[in-house]
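# Descriptive structure summary
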Amino acid sequence: MIKIMLLQKWAKPILVMLIGVIPVIVLSGCSAASQSNPINAGSPGIFNHFFIYPFSILIKFFADTFHGDYGLAIVLMTFIIRLAILPLMMNQTKKQMVMKEKMAVLQPELTALKEKYKNDVSTDAKKQEQTEMMQLYQKHQFNPLNMGCLPMLLQWPITLAFYYAIRRTPEIAAHDFLWFNLGTTDMILPLIAAAVYYVQFRVSQSVSAQPQQNQNSQMAFIGLLSPVMMGLSSFAMPAALPLYWAVGGIFIIVQTVILNKMYTKPNAAGKNLPASVEDL
């Protein structure tokens, strides 16, 4: 029982860190090697052949369509990729809104339970509290581990492939976009990308079920760590990559706000409530 409770307590922060922080570390560590190995039709490997190379071809195609503007090509490709992933994100948002509704009903009972045992620090009391908490979860069919992280995991291959397509398409480095060169580092764009991803994290938290106070501080730390690491790593990367991250982050912010409105219904008092399971 204790192991289950600990797993529920740490599952979300750990998953957020795995999804948000580790990719930044991996990508920054592999960037130099990928830049020296341009992608082409003869590049070995299934991932190269079926993921990275097609993205590289599409970037070149759209750049030619925009008269050699590789910056616009990256922006357009980013929007196309995010639109392709949108159905997964819609399903994730539905689950999160249902979880939020259940948590709103469950929270008063959890507060009363903690109040009941707050002065009893014995081992038996803690076990009984955990047992009653699990019973409350079962009563309300609330599963803290069902956080809808699968869509994030499924989009990894796509986002990684596009990342490496940008890194390994030499033509991109020879072009400018807005105030910066796509193939060299920029001092402003990493700050923009980091700020966008911090706002994205804050907006996404408005959709998820309300965490406990100790989890709140954990998520706040992770929400700050990921953008900071992304911004710092971007200072050592070609500007095309923070451009991709910034555009993708802006799309996710707008997407989250829209989906939040779509799956929220007003109650009699005029306040917005998450759509119920039956409405989904």
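The paragraphs below set out a description of the structure included in this document. Since the model is a prediction, treat every value here as computed from it, not as a measurement. (Residues numbered from 1 in each chain as written. Predicted model: local features only at pLDDT ≥ 70, side-chain atom pairs only at ≥ 80, totals over all residues. Heavy atoms only, no water.)

## Focus on helix H7 (residues 156–167)
Quick reminder: α-helices carry 3.6 residues per turn. Residues three or four places apart thus point the same way. The terminal C-alpha atoms of H7 lie 16 Å apart, and with twelve residues this matches the ideal 16 Å at 1.5 Å per residue to within 8%. By the burial criterion, the buried members of H7 are Thr159, Ala161, Phe162, Tyr163, Tyr164, Ala165, Ile166 and Arg167. (Helix = DSSP H or I, 4+ residues; strand = E, 2+ residues; numbered from the N terminus. Expected span 1.5 Å × (residues − 1). Buried < 20%, exposed > 50% of the residue type's maximum accessible area, 1.4 Å probe, protein only.)

## A word on the nonpolar core
Nonpolar side chains in soluble globular proteins tend to end up buried together. In this structure, Ile59, Phe162, Ile166 and Leu243 are the most contacted members of the largest nonpolar core, which totals 40 residues. When contributions to this core are tallied by element, the ones reaching two or more residues are helix H3 (46–65), helix H4 (70–117), H7, helix H8 (189–205) and helix H10 (240–262). (Core = buried A, V, L, I, M, F, W, Y, C linked by side-chain atoms within 4.5 Å.)

## Describing the environment of Ser233
Note that Ser233 resides in helix H9 (residues 213–234). Taking C-alpha positions, Ser233 is 8.2 Å from Pro190, a pair spaced 43 residues apart along the chain.

## Comments concerning the pattern of salt bridges
Scanning the entire structure with this criterion turns up four salt bridges. In this structure, Glu129 engages Lys126 in a salt bridge whose closest nitrogen and oxygen atoms are separated by 4.0 Å. A residue pair is termed a helical-turn pair when its members lie 3 or 4 positions apart in one helix, as Glu129 and Lys126 do in helix H5 (residues 123–139) at three residues. Taking the relative accessible area as the measure of exposure, Glu129 reaches 10% and is therefore buried. Among the residues examined, Lys126 registers a relative accessible area of 36% and is labelled partly exposed. (Salt bridge = Lys/Arg side-chain N within 4 Å of Asp/Glu carboxyl O.)

## Some thoughts on the packing of aromatic side chains
The description of an aromatic ring pair rests on the distance of the ring centres and on the angle between the ring planes. Using the criterion set out here, one finds nine aromatic pairs in the structure. Their ring planes at 25° and their centres at 5.1 Å tell us that Phe47 and Phe51 sit as a pair that is stacked. Of this pair, Phe47 and Phe51 are both found in helix H3, four residues apart, which corresponds to roughly one turn of the helix. When its relative accessible area of 33% is taken as the criterion, Phe51 is described as partly exposed. Measuring from centroid to centroid gives 4.8 Å for Phe162 and Tyr244, while their planes differ by 80°, and the two rings are edge-to-face. Placement of Phe162 in helix H7 and of Tyr244 in helix H10 is noted, with a sequence separation of 82 residues between them. Given the relative accessible area of 8%, Tyr244 is considered buried. Three or more aromatic residues joined by ring pairs make a cluster, and in this case those are Phe55, Phe162 and Tyr244. (Phe/Tyr/Trp six-rings, centres within 6.5 Å; stacked < 30°, edge-to-face > 60°.)

Function cannot be inferred from these measures alone, as they are strictly geometric.
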